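Understanding the architecture of this molecule
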Amino acid sequence: MRIAVWTIRRKQVALAAQLALAAAVLGVLAFAPPDRGEMLLIPLDGSPVSSALLKPLPLVAERPGPLPGSLLVFGSSEGLFLQLLRQGVLILSAPQPLCGASHSGG
């Protein structure tokens, strides 16, 4: 009887781990920056993202983001993830429910 209970618990733990992994992968995919489009820059040190950081990058500032110090930008994210991370900035996609509609729509 004890072996059967152990087997059931092991299966439950394995199922929970698989579900957690699937949820994590979906979360990463949902917030992965697009190759081109609107993105959210989030400072990891709490200080606002500076416009000087954007000058050498293929990104154009649009407006402040929903998080303190964050910035919504438009452009190409190709090869920028690690470069920005080294500078203390996380680049993510800008989901409409979190960041609102773009101002370009009128």
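The model shown is predicted, which means the values in this text are computed figures rather than measured ones.

**A short note on the overall build of the protein**
- Counting secondary structure elements, the protein contains four helices and four strands.
- Sequence-ordered secondary structure for the protein, helices as α and strands as β, is α-β-α-β-β-α-β-α.
- Sorting the 106 residues of the protein into buried and exposed places 28% on the buried side.
- Summarising the internal contacts of the protein: among those between residues at least 6 apart in sequence, 67% fall at separations of at least 24.
- Total accessible area on the protein is roughly 7,300 Å²; 67% of this is exposed by carbon and sulfur atoms.

**Looking at the pattern of salt bridges**
- Applying the stated rule across the entire model yields two salt bridges.
- With a closest N to O distance of 3.6 Å, Glu62 and Arg63 form a salt bridge.

**Here's the deal with the nonpolar core**
- Leu41, Leu54, Leu59, Val73 and Leu84 are the most contacted members of the largest nonpolar core, which totals 13 residues.
- Breaking this core down by element, the ones donating at least two residues are strand 1 (36-43), helix 2 (51-54), strand 3 (71-76) and strand 4 (89-93).
- Aside from chain neighbours lying at most four places away, what touches Leu59 is Met39, Leu41, Leu54, Val73, Phe74, Gly75, Ser76, Leu80 and Leu84.
- Counting residues in each nonpolar core, the second largest holds five residues, with Leu40, Leu72, Leu92 and Ala94 among its members.

**Some details on the environment of Leu44**
- Here Leu44 is to be found in the loop between strand 1 and helix 2.
- The class of Leu44 is exposed, set by a relative accessible area of 52%.
- Distance from Leu44 to Gly69, taken between C-alpha atoms, is 9.4 Å for residues 25 residues apart in sequence.
- In contact with Leu44, not counting residues within four places along its chain, are Leu85, Gly88, Val89 and Leu90.

Definitions and limits used
Residues numbered from 1 in each chain as written. Predicted model: local features only at pLDDT ≥ 70, side-chain atom pairs only at ≥ 80, totals over all residues. Heavy atoms only, no water. Helix = DSSP H or I, 4+ residues; strand = E, 2+ residues; numbered from the N terminus. Buried < 20%, exposed > 50% of the residue type's maximum accessible area, 1.4 Å probe, protein only. Contact = heavy atoms within 4.5 Å. Areas by Shrake-Rupley, 256 points an atom, 1.4 Å probe, with all protein chains shown as cover. Salt bridge = Lys/Arg side-chain N within 4 Å of Asp/Glu carboxyl O. Core = buried A, V, L, I, M, F, W, Y, C linked by side-chain atoms within 4.5 Å.

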